[in-house]
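Observations on the model geometry
Chain residues, written in single-letter form:
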Amino acid sequence: MKRRVLILALAALLAVAMGASATGTREAASTVTTVTQLCWDRGQVPSAEGDITKNWYTDFVNQKVAALGLKVEFKPVQRNKEAEILPTLLAAGNAPDICYSYDKNLIVQFALDGGLVDFGPLMDQKSARNLLGYYRSEDLKAGQVNGGQFMFRYMNTNDGTLSLTWIRQDWLDSLGLAVPTDLDSFTAMLRAFKTKDPGGKGAKTVPWAVKKSTNYWDNNVMPAFVKDKPVGEKMAVPSPLWPEAKDALRYMNQCYNEGLLGDLILDKDDTLFKQKFVLGEMGALTDVAHWPFHSAYGELYKNLQKNVPQAKIVPATPFRKASEENWVALFRSEIYTMSFFSPKNKTPEAAKLAYMDWLASPECVNAVLYGVEGRDFEIKDNMPVKLESWNKKVSWLQPQYGNVSMRAFWDRPEIKLPTEMDFPPYQQLWLSANPMARRGDHPWARPEINAPTPMAVKYTAQITSEWNNALPKIVTAAPGKFNAVFDAAVAEYRRNGGDAVEKEARELYRKIYGK
Amino acid sequence: MRTAGRSRAVGGPQVLIRCLLILSSAVFLFPFLHTVAQSFSDPRFILSGSVFFLPRGPTLDAYRALLKDLSMLRSLAFTVELTVLGVAVSLVLSTLAAFPLSKPGLKGRNLLLGAIVFTMYFSGGLIPTYILVKRLGFLDSLWALILPGAVNTFNMVVMMTYFRGIPKELEEAVEVEGARPFLVLLRVVLPLSTATLATMVIFYGVGYWNTFFSGLLYIQDPKKYTLQVRLYQTLDSVDTMINGQLLGASDREVGSSAKLVAENLKSAMVVLTTAPIIVLYPFMQRYFVKGATVGALKG
Amino acid sequence: MTDRAARRKYWNRNRDFYYMLLPVVGFYLLFRYGPMWGVLMAFQDYNIFKGIPGSRWVGLEVFREVLGNQGFWRAFGNTLRLNLLDLLVGFPAPILFALLLNEVTSEGMKRTFQSISYLPHFVSWVVVYGLVVDLFGGDTGLFNLLLGRLGLGQTGFLTQPSWWLAVYVGSSVWKDVGWGAILYLSALTAIDPQLYEACSMDGAGRFKQTLHVTLPGISATICILLILRVGHMLTTGFEAPFLMGNGMVSNVSRVLAVYIYEVGVVGARYSYTTAAGVFLSLGNLILLLLADWGTKRLGGTGFFGGSGA
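Quick caveat: nothing in here was measured; it's all calculated off a predicted structure.

Analysis parameters
Residues numbered from 1 in each chain as written. Chains lettered and ligands numbered in written order. Predicted model: local features only at pLDDT ≥ 70, side-chain atom pairs only at ≥ 80, totals over all residues. Heavy atoms only, no water. Patch = residues over 30% accessible without salt bridge, like charges linked within 9 Å, V, L, I, M, F, W, Y side chains within 5 Å. Areas by Shrake-Rupley, 256 points an atom, 1.4 Å probe, with all protein chains shown as cover. Salt bridge = Lys/Arg side-chain N within 4 Å of Asp/Glu carboxyl O. Helix = DSSP H or I, 4+ residues; strand = E, 2+ residues; numbered from the N terminus. Buried < 20%, exposed > 50% of the residue type's maximum accessible area, 1.4 Å probe, protein only. Contact = heavy atoms within 4.5 Å. Buried area = accessible area lost by both parts, 1.4 Å probe. Polar contact = N/O pair within 3.5 Å; in protein donor to acceptor, adjacent residues only side chain to side chain. Phe/Tyr/Trp six-rings, centres within 6.5 Å; stacked < 30°, edge-to-face > 60°. Lys NZ or Arg CZ within 6 Å of the ring centre and 35° of its normal.

Concerning a nonpolar patch on the surface
All names here are of chain B. Together, Phe-30, Leu-33, Phe-52, Phe-53 and Leu-54 line one region of the surface with nonpolar side chains, adding up to about 510 Å² of accessible area. The topology assignment puts Leu-33 in helix H1 (residues 12–39). You can call Leu-33 partly exposed: its relative accessible area is 34%.

Now the structure itself:
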């Protein structure tokens, strides 16, 4: 008898557990549709402003979209575990209506799995006025998978964070050298740094340093060895398989063995790298253009000048062909652009499109980048200038709420867009570096391939990671061993899927772009 | 408070032992002192690598920034609530499981224990658990952070082992007078188990205090971010390093974020998260000694 | 007495125990067995939008893909190597430390030493990595500076596999010896002091007392922990090997946790990660059972309470 009661109790418990009690009830909207948008909460909203779900910006958004019959709620998702959290939310049907991510491959996978909204059929001149006005045809094409418009993304053009080489101007001056513009003069400069020790740091001197060389050997060093223009089918091939890869790495290896390239490739969190720079021991470094200035890295140039008052840095691009146009940053292994997408769910697709369209409007884009005119910025000499409240109210918008565009648009034609008026007191230096780092238009980029790439999905993560592990061994190989180490690593890369990835990439390139 | 009858090393050997322990304490302590020193130092000196065990360019900036932040304090309060509630739930459940399972004569015990240990190895993973929590209506609540992991099998097994070790005679003495198992548990076993209970409070407590991933997954209300989640948001640059390693440089992302992440901020956070535990533990420690009354009862 | 009567008697005496177990059984049923259907992902080409019902079944194909990969087995070997080293060094360490602490005559000192000893447990691996670099990294690491002063050459502590292993295991031990000792210290308090009296009256010195009283006294704890440790031989954490590892030592530092993360988690390949997890869990479970059997054979207490003694 008692046992039966027990069993019944357990069964009841299970029944309750398995019983469907849906959560996340959305109030049945009568005339107003609620659309949810993803945001990345990085903890940057100042307490005085509210929090990520309610502040002046969320109020502003709701005020503006009310005219469209919409209400917007922001759902924070933590960015740093996005790869695990976002798919889980999607699988449970709990993801926001409008999402965005940097990981295009993931989104393509979602689209192929049939989980995303295809906005194509819904878009016309009326419903997608802003979207069609902002995105060019190649941007729209880049967001398509098998012809369906599943993503909205802009092609990454210039943003000043591309990389170049910073050199200690005071060292050059004391040696009477000019800023190197090609490989030979660069190498000669490095040798001079080593033997003549202009910084007075003795054995601690690091003539040239590349942090996390995994990212810069192909972006920066390899262009020096590429003789043909960077167009065509070969742009789709992964960089380790380029014939010039060996030349680039051999150069780095030779520099390393001569003591010209620093042993900092193992420095995971850049502590030693920053330390050597800030103590004035580094002669040249190849990294992103804003690295010495940005506060997120610790305002390193400022700190360098505190330790070594006479230190001065100058930008250079010694790896680019002197006679050709700007080939710096030949291609990036990941194009960091925000791709917006929408999972299929109960929210009406027309409402989602309406909101997405509003996101592409000048009203929204300008607000996210500059805030409210008069309060956060003003126009001076036809240039927008940030005011004091910009930091308090606007600086945390774009990194957390995303933006379809990194460039503001103004409906006043006489307004010139500034090229990053940041980093006082180094504005001029930064501005001079900017055009060098800028890539111009995207023909130099990796071609977009938005067809299904099963081989790439299957192998890329693993072979890239193994290649990244092999790189330090290649660069630091003993003089006689370089060939063996490099060849073995490339052979391994090919064997573990690199060949399949290359073949697929070439075939798809031909299919999409012709010969 | 010496335990009667136990002769410990004295004289020469005691000196040696103490020396060894002092040495090891230094090894344990210095890195922590280093972190504390960094938390009070000017970022410039940290970047130059010149901070060791004493702060340089002393500043309270990092702590001021952390403690002035309302959202940080809110996360602190929420995490305290989570920890207290969670430890209570986990302790009760674990004890209620460990005690019966420590009885060798209980029918079905091996089967049950096997089924429980099985779950240490096989689990459905994130998606099914998330869907379950969603269906039960706990999303975005404190309970989502407590219930799915309320019983840690490892901890429960340790408790069970401890209960097994309690001499049967002590329990039988009370059972003979007609006491039911509940009473035996409350009157005899628990008072003798303060050591293991204290251990469990610490283990579970630290676990709940450091709740991170479930906080990321189940919570979307900023008022309910746990401390670790909140800290990680500010430490984004560190994780950028971690992610950067896998996904390629996200320096471009940094370009768009104007937030200052001071080096001393990272250290200050480590200190803040650890401080409560360090403060609390000595209070728990005395319970380790209390358990030594086993012998007294026996006599 | 009759069968029925015997059962009635048993139930009357022991039903409290079953009532106590009720909420816990409910917990495991609900939160552990409830979601277990996720394991089926390992046998499908899992589509997160279609769920289990809508995804294609592929039998053992995913397992074939996981196990047919050389990288997987290399990571497997690395995991085993790290865990074995950790077992050899990291398992006895907390025991010895607890015994050492136990010898201190002053309670106050004992408590102080203990409090200090578990501080490293709370230092996150990111910070530990930073410290390791400060001490062992490149030519600016403290140790290499010292070696330089003494006229001995520089050593690549973090770039040579064998040294790296030593540094890795050393940091793991440093981090957890104090924390791990907590369990043993609480077990030590349960030892009946009269046993020590009896032993010392027989003329045994301190060391013999440790051998004959202390160790057997905590042997149950040691056995359980050992069995559980062996039952995790095929898995490691993620943070530690990931942060401490680097390209030069990737041949030993690339463990399964990192490998599976890179290949499976980053691309949201649930079928892959689930299949790998199932395989490894199976292996761990087998090891657990073997360890349990082995421990009982050698006279210790098994997991399920039996003993060969």
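Some remarks on the interface of chain C and chain B
Residue-level contacts link 92 residues of chain C with 100 residues of chain B. Where chain C abuts chain B, roughly 8,900 Å² becomes buried across the two surfaces, and 72% of that area is made up of carbon and sulfur atoms. Put simply, chain C and chain B have one salt bridge between them. The shortest N-O distance in the salt bridge between C:Asp16 and B:Arg180 comes to 3.3 Å. The interface formed by chain C and chain B contains 14 residue pairs in polar contact (both at pLDDT 80 or more). Broken down by element, the side of chain C that touches chain B gets its largest block of residues, 19 residues, from helix H1 (residues 3–33) of chain C.

Considerations on the pattern of salt bridges
Residue and element names in this part refer to chain A. All chains considered together, the criterion is met by 30 salt bridges over all chains. For Arg-136, the salt bridge identified is with Asp-139, shortest N-O distance 3.0 Å. The exposure class of Arg-136 is partly exposed, given its relative accessible area of 31%. Between Glu-378 and Lys-380 there is a salt bridge, and its shortest N-O distance comes to 3.5 Å. In the salt-bridge network here, residues are joined through shared partners; they are Glu-233, Arg-494, Asp-499, Glu-502, Arg-506 and Arg-510.

Observations regarding the interface of chain A and chain C
Listed as interface residues are 36 residues of chain A and, on the opposing side, 42 residues of chain C. Buried surface at the junction of chain A and chain C, both sides included, amounts to about 3,400 Å², of which 60% is carbon and sulfur. Counting the contacts that link chain A with chain C gives two salt bridges. Linking C:Arg254 and A:Glu466 is a salt bridge whose minimum nitrogen-to-oxygen distance equals 3.8 Å. At the surface where chain A touches chain C, the tally comes to seven residue pairs in polar contact (both at pLDDT 80 or more).

Here's the deal with the packing of aromatic side chains
What the rule picks out here adds up to 60 aromatic pairs over all chains. Between A:Trp166 and A:Phe293, the ring centres sit 5.5 Å apart and the planes meet at 90°, which makes this aromatic pair edge-to-face. Of the two residues, A:Trp166 is situated in strand E6 (residues 163–168) and A:Phe293 in the loop between strand E8 (282–288) and helix H12 (300–307); the sequence distance between them amounts to 127 residues. We classify A:Trp166 as buried; its relative accessible area is 1%. A residue is classified by how much of its surface remains accessible, and A:Phe293, at 4% relative accessible area, is buried. Cluster of aromatic residues (ring-pair linked, three or more members): A:Trp56, A:Tyr57, A:Phe60, A:Phe74, A:Tyr355, A:Trp358 and A:Tyr401. Directly above the aromatic system of A:Trp56 lies the positively charged group of A:Arg375, at a separation of 4.4 Å from the ring centroid. The ring of C:Tyr10 is capped by B:Lys107, whose NZ or CZ atom sits 4.4 Å from the centre of that ring.

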